[in-house]
Amino acid sequence: MTVATNRIDRLFEDRSRKRFIPFITVGDPTIEATFQIVTAMVEAGADVIELGVPYSDPLADGPTIQRASQRALENRVSISDALKLVARLRETGVEASLVLFSYVNPVFQYGIERFFADLAAHGADGVVIPDLPIEENGPAVEAAKKYGIHVISLVAPTSESRIKKIGEQATGFLYCVSSLGVTGARTDLRDDLADFLQKVKSSTNAPTAVGFGISTPEQVRAVAPHTDGVIVGSAIVQEIERYNEQLKDPELMPEAVGKIKTFVHQLASALQ
């Protein structure tokens, strides 16, 4: 399968440098705060930004991101708001790859063809749809291919016999789930994680990125030799939650964003 070259393809042309991929929820606590945080994360060394579309039943997400989604939903944040944010980021010169993270139901409600057309029109590069299995993703993949957008596949230790099939279909990068269960910061990584990542890498030509549970610079350094990119979500969302009230105050926001930027820089720097 071929997809028109976009920022993700160009980013991973050079596999000699590991890529840092943070996740945050759009609209937590406000759209303006998300804009400022994304800009700061790019300055801190982020290569790809995953922008979570808030959803009322986020099956793959743990309590931290569930709370973030709830806060954003209270602001009535939707796919349309996420797309407008992407367009604003592009208009202000952000060149990092931007990937939406959305569950399948909001995508279906939005309309598959319209969704991928609008992703391209607003300047997004890809989408992660965690509850869309590869056996059922044909219409989405076809629409994505038409508009030059990557559907980022997920592969988990439990995928077993499906790893090869998922790897063969993967484009953009292959999202490797480092631990069983839902997202969330963890103190320990799986003992067999390196073996799993090696098995995934041997199944695909796409770059790999590992996420779920990675939350400290030490963990980033530990997994870096086995992957092309490292994804951190809940640990960053926890920082946003910590400074939630300050982020809603225009006068206090710059200081809070600065603290989040420092945290992200520590994570990103662990890859160098």
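Below or above, wherever it landed, is the structure these notes cover.

In the case of a regular strand, side chains alternate between the two sheet surfaces. The buried fraction of strand β3 (residues 97-101) is high, at 5 of 5 residues. Burial along β3 is two-sided: S97, V99 and F101 and L98 and L100, pointing in opposite directions, are all buried. Across 5 bridges, strand β2 (residues 48-52) lies against β3 in parallel orientation. Across the sheet, residue V48 finds its bridge partner in β3, namely S97. Across 3 bridges, the pairing between β3 and strand β4 (residues 126-128) is parallel. Bridged to L100 within β4 is V127.

In terms of nonpolar packing, the biggest core is built from 75 residues, with L100, F116, I236 and L247 touching the most fellow members. Considering every element that reaches this core, the biggest residue donor is helix α13 (residues 253-269), with 8 residues. Counting residues in each nonpolar core, the second largest holds 22 residues, with V99, Y103, F173 and V177 among its members.

Each strand in a sheet pairs with its neighbour through backbone hydrogen bonds, running either in the same direction (parallel) or in the opposite one (antiparallel). Read across the sheet, 9 strands follow the order β5-β4-β3-β2-β1-β9-β8-β7-β6 without closing on themselves; strand pairing throughout is parallel. Each end of this open sheet is capped by a strand with a single partner; those strands are β5 (150-152) and β6 (154-155). The sheet strands contacting helix α6 (residues 112-122) are β3, β4 and β5, and the helix crosses β4 at an angle near 130 degrees.

Enumeration according to the criterion identifies 7 aromatic pairs in this entry. Centroid distance F23 to F101: 5.5 Å. Interplanar angle 80 degrees. Geometry classified as edge-to-face. In this pair, F23 sits in strand β1 (residues 19-25) while F101 sits in strand β3, placing the two residues 78 residues apart along the sequence. An aromatic cluster is built from F23, Y55, F101 and Y103, whose rings are joined through pairwise contacts. When the ring centre of F35 is taken as origin, the NZ or CZ atom of R88, which lies over that ring, is 3.6 Å away. Seen from the ring of Y110, R114 lies directly overhead, with NZ or CZ sitting 3.8 Å from the centre.

With that settled, consider the packing of helix α2 (residues 31-43) against α13. Two elements in contact, α2 and α13, have axes separated by 9 Å at closest approach and are oriented at 40 degrees. The orientation of α2 with respect to α13, classified from their angle, is oblique. Handedness of the crossing formed by α2 with α13: right-handed. Of the residues in α13, those touching α2 at E32, A33, Q36, I37, A40, M41 and E43 are M253, V257, I260, K261 and V264. Taken together, the residues of the contact of α2 with α13 break down into 8 nonpolar, 1 polar and 3 charged.

Turning our attention to the pattern of salt bridges. Applying the stated criterion to the full structure yields 20 salt bridges. Linking R67 and E241 is a salt bridge whose minimum nitrogen-to-oxygen distance equals 2.7 Å. On the criterion of sequence distance, the pair formed by R67 in helix α3 (residues 63-74) and E241 in helix α11 (residues 234-242) is long-range, its members being 174 residues apart. One salt bridge connects R221 with E218, and the closest N-O pair in it is separated by 3.6 Å. You can see R221 and its partner E218 sitting in helix α10 (residues 217-223), 3 residues apart, about one turn around the helix. Taken together, the salt bridges that share partners define one network made up of R7, R90, E95 and D125.

Basis of the calculations
- Residues numbered from 1 in each chain as written.
- Predicted model: local features only at pLDDT ≥ 70, side-chain atom pairs only at ≥ 80, totals over all residues.
- Heavy atoms only, no water.
- Buried < 20%, exposed > 50% of the residue type's maximum accessible area, 1.4 Å probe, protein only.
- Helix = DSSP H or I, 4+ residues; strand = E, 2+ residues; numbered from the N terminus.
- Pairing = 2+ DSSP bridges.
- Core = buried A, V, L, I, M, F, W, Y, C linked by side-chain atoms within 4.5 Å.
- Contact = heavy atoms within 4.5 Å.
- Axes fitted to C-alpha atoms, helices over the stretch in contact; angles between N-to-C directions.
- Phe/Tyr/Trp six-rings, centres within 6.5 Å; stacked < 30°, edge-to-face > 60°.
- Lys NZ or Arg CZ within 6 Å of the ring centre and 35° of its normal.
- Parallel < 35°, antiparallel > 145°, perpendicular 65-115°, else oblique.
- Left-handed = near helix turned anticlockwise from the far one by under 90°.
- Nonpolar A, V, L, I, M, F, W, Y, C, P; charged D, E, K, R; others polar.
- Salt bridge = Lys/Arg side-chain N within 4 Å of Asp/Glu carboxyl O.

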